Amino acid sequence: MILDLFREITSIPRCSGTYQPFIDFIKNFASKYDYICKIDDANNILCYKQNSIPNICLQSHYDIVCLEDNTIPQIIEEDGYLKAINSTLGADNGIGCAYMLALMSEHTNCEFLFTCDEEIGLIGANNIQFTLQSKNMLNLDSEEQGHICIGCAGGIDIFAINKNSQLKPNNDNLTLYEIIVDGLDGGHSGVDIDKNIPNAIKLLAKTIKENNCKVLDIQGGQRINSIPKSAKAIVVAPKEPIVNHSNITINKIDTLTNHYKELDFKIIDFLYSFSNGVRGYDVELGVVSSSINLAIIETNIDNINIQLSARSMDNDELELLVNETIVMLEHFGFEVSTSGKYPAWKPQQNDFINKVLKIYKKYIPTASLEAIHAGLECAVFKDKYPSINIASIGPNIYFPHSYNEKCEISSIYKVYDIIKEIIKVE
């Protein structure tokens, strides 16, 4: 049932920013099982039974990361896992949505909250307009079986623009080259930031800097919450650049040019010197405490844009990290702005958390409470609904936000049994 529902909703366009197809599906599904279905102005969806007093709200976001626009994943089963062919799978958070739909088909008396645009800045959660009746919330967006998440990092997105470029004569007959970085694993810029996954933009900048190239065009990265898996640049150089990594190829461009538009050399200096990745580690929680990811770079007609994503388990540390990065960017000639701020979710225990842990241990004795170095909507909900108790669980999902994303099938069913028992106790 759950896998069938997951396959069904995966066939519906759900890339971030796409709403109506899934909203129409939920409206029809809710009507079929006698649920009231409300849509707010932010495209969030809330389903519940008429004249009911639910004690628990189940919550998942319905958008998925699409590394290419308008992608509909093609699901395959392989070695006990769900995977997708040449795309992200969308198990983040499609499996959570499938859990909720399965429970709705069983006429479960809960509030079912489907939020939009989580993957591009927790937009749905930040703009939610519903009043929830439940005193407890179970978020279904965690990605590690046996771990109950009770805290998460806050984050801020940083946007930098450099408008300095010069049209120069090619008096030295410099040759054009295309430098391409491709085939890296990529991954989630929060939970995967400590896994030593190469950053394509950093590799590209290293090649450009160490070969003394002048940059005409540079592009890299796919999403602001992903570790970039590919990047490329057009450069001019007095001699052919040397390849310094197995995932880099360099092609000579035979076209000669009398003039070229050279980007500000400070851009490459910033990319080359910027300390990307983990900035702090919390030994007690066993989790990254602060990090920053160089996510996207793109050349436009009049400027060059850089996007970074900063995260921290502490709101004060997050502010310090962002301020330091802004000062550095401005030093290198950028105009800087920020957006998409969401708070950290401070871990705390309560009766609801204790019940969830007790039930989970019946199925997995080693189950534990944890905090995660990623932005969860739970932080926003805790800020908007201070009295609500929140925990987050989910099945084993590996390499979300990448072409290698996969979800363990046996884990899907085990977590579903746990969810049903949590609801029954509540």
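Worth saying up front: this structure is predicted, and the values here are computed from it rather than measured.

Reading the values: the criteria
Residues numbered from 1 in each chain as written. Predicted model: local features only at pLDDT ≥ 70, side-chain atom pairs only at ≥ 80, totals over all residues. Heavy atoms only, no water. Helix = DSSP H or I, 4+ residues; strand = E, 2+ residues; numbered from the N terminus. Rg over C-alpha atoms; globule rule 2.2 N^0.38 Å. Buried < 20%, exposed > 50% of the residue type's maximum accessible area, 1.4 Å probe, protein only. Contact = heavy atoms within 4.5 Å. Areas by Shrake-Rupley, 256 points an atom, 1.4 Å probe, with all protein chains shown as cover. Lys, Arg positive; Asp, Glu negative; His and termini not counted. Charge placed at Lys NZ, Arg CZ, Asp CG, Glu CD. Core = buried A, V, L, I, M, F, W, Y, C linked by side-chain atoms within 4.5 Å. Salt bridge = Lys/Arg side-chain N within 4 Å of Asp/Glu carboxyl O. Phe/Tyr/Trp six-rings, centres within 6.5 Å; stacked < 30°, edge-to-face > 60°. Lys NZ or Arg CZ within 6 Å of the ring centre and 35° of its normal. Axes fitted to C-alpha atoms, helices over the stretch in contact; angles between N-to-C directions. Parallel < 35°, antiparallel > 145°, perpendicular 65-115°, else oblique. Nonpolar A, V, L, I, M, F, W, Y, C, P; charged D, E, K, R; others polar. Disulfide = S-S within 2.5 Å. Pairing = 2+ DSSP bridges. Left-handed = near helix turned anticlockwise from the far one by under 90°.

A.B. asks: Just give me the short version of the overall build of the chain, but keep the residues and values in it.
C.D. replies: Counting secondary structure elements, the chain contains 10 helices and 25 strands. The C-alpha atoms of the chain give a radius of gyration of 23 Å, which matches the 22 Å a tight globule of 426 residues would have. With the C-alpha coordinates aligned to their principal axes, the bounding extent of the chain is approximately 80 × 40 × 40 Å. Burial analysis of the chain (426 residues in total) assigns 58% to the buried set. Pairs at least 24 residues apart make up 79% of the contacts formed inside the chain by residues separated by at least 6 positions. Carbon and sulfur atoms make up 46% of the accessible area of the chain, which totals about 18,100 Å². Distance between charge centres in the chain, computed from 36 positive and 55 negative side chains, equals 2 Å.

A.B. asks: Now, about the nonpolar core: what can you tell me, with residues and values included?
C.D. replies: Membership of the largest hydrophobic core comes to 61 residues, with the highest contact counts inside it found for Phe22, Phe112, Phe114, Leu138, Ile393 and Ile419. Top contributing element to this core by residue count: helix α3 (residues 91-105), with 10 residues. Among residues more than four places away in sequence, those in contact with Phe112 are Tyr35, Ile45, Leu46, Cys47, Leu58, Met100, Leu103 and Met104. By size, the runner-up hydrophobic cluster in this structure holds 42 residues, among which are Ala160, Ala200, Ile218 and Ile248.

A.B. asks: I'd like to hear about the pattern of salt bridges, residue by residue, with values.
C.D. replies: Overall, the coordinates contain 8 salt bridges when judged by the stated rule. Among the salt bridges present, the one from Glu421 reaches Lys362, with a minimum N-O distance of 2.3 Å. Linking Glu421 in helix α10 (residues 409-425) with Lys362 in helix α8 (residues 351-363), this pair joins segments that are 59 residues apart in sequence. Residue classification places Glu421 among the buried residues on the basis of a relative accessible area of 12%. Overall, Lys362 belongs to the exposed group, its relative accessible area being 58%.

A.B. asks: Tell me what's going on with the packing of aromatic side chains, and back it up with residues and numbers.
C.D. replies: By the definition in use, this model includes 12 aromatic pairs. An angle of 35° between the planes, with centres 5.1 Å apart, marks the rings of Phe270 and Phe274 as tilted. On the basis of relative accessibility, which here comes to 3%, the residue Phe274 falls in the buried class. Of the aromatic side chains, those joined through ring pairs into one cluster are Phe22, Phe25, Phe29, Tyr33, Tyr62 and Phe114. When the ring centre of Phe274 is taken as origin, the NZ or CZ atom of Arg279, which lies over that ring, is 5.4 Å away.

A.B. asks: Report on the packing of helix α2 (residues 20-32) against α3, specifying residues and quantitative values.
C.D. replies: Packed helices, taken two at a time, are described by their axes: the angle between them and the distance between them. Following both chains from N to C, one finds α2 and α3 inclined at 20°, their axes separated by 11 Å at the closest point. Classified by the angle their axes make, α2 and α3 are roughly parallel. Packed against α2, whose contacting residues are Phe22, Phe25, Ile26, Phe29 and Ala30, the element α3 presents Cys97, Leu101, Met104 and Ser105 at the interface. For the contact of α2 with α3, the per-class residue count stands at 8 nonpolar, 1 polar and no charged.

A.B. asks: Give a detailed account of the state of the cysteines, specifying residues and quantitative values.
C.D. replies: Taken as a whole, this structure holds 1 disulfide when the rule is applied. Its sulfur unpaired, Cys97 is 11 Å from the next cysteine sulfur, which belongs to Cys47. You can see Cys149 has no disulfide; the closest cysteine sulfur is in Cys152, sitting 6.2 Å from it. Using a relative accessible area of 0% as the deciding quantity, one classes Cys149 as buried.

A.B. asks: Before we move on, could you go through the pairing of strand β18 (residues 277-282) and cite the residues and values that matter?
C.D. replies: Inspection of the sheet shows β18 paired to strand β19 (residues 287-299) by 5 bridges, in the antiparallel sense. Paired with Val278 across the two strands is Ser291, which belongs to β19. Once β18 ends, the chain turns through 4 residues before running back antiparallel as β19, passing Gly286 with a positive phi of about 65°.

A.B. asks: How would you summarise the packing of α3 against α10 if you had to cite specific residues and measurements?
C.D. replies: Where α3 meets α10, the axes come as close as 11 Å, and the angle between the chain directions of the two elements is 50°. One finds that α3 runs oblique with respect to α10. At the point where α3 passes α10, the crossing takes the right-handed sense. When α3 is examined against α10, the residues Ile95, Tyr99, Ala102 and Leu103 are found in contact with a partner set consisting of Ser411, Ile412, Val415, Tyr416, Ile419, Lys420 and Ile423. Classifying every residue of the contact of α3 with α10 by side-chain character gives 9 nonpolar, 1 polar and 1 charged.

A.B. asks: Give a detailed account of the sheet that holds strand β24 (residues 397-398), specifying residues and quantitative values.
C.D. replies: The antiparallel open sheet is built from 4 strands, whose spatial order is β4-β5-β25-β24. A strand with exactly one partner marks an edge of an open sheet, and here the two such strands are β4 (75-78) and β24. Running at roughly 55° to strand β25 (residues 406-408), α10 makes contact with β4, β5 (81-84) and β25 of the sheet.

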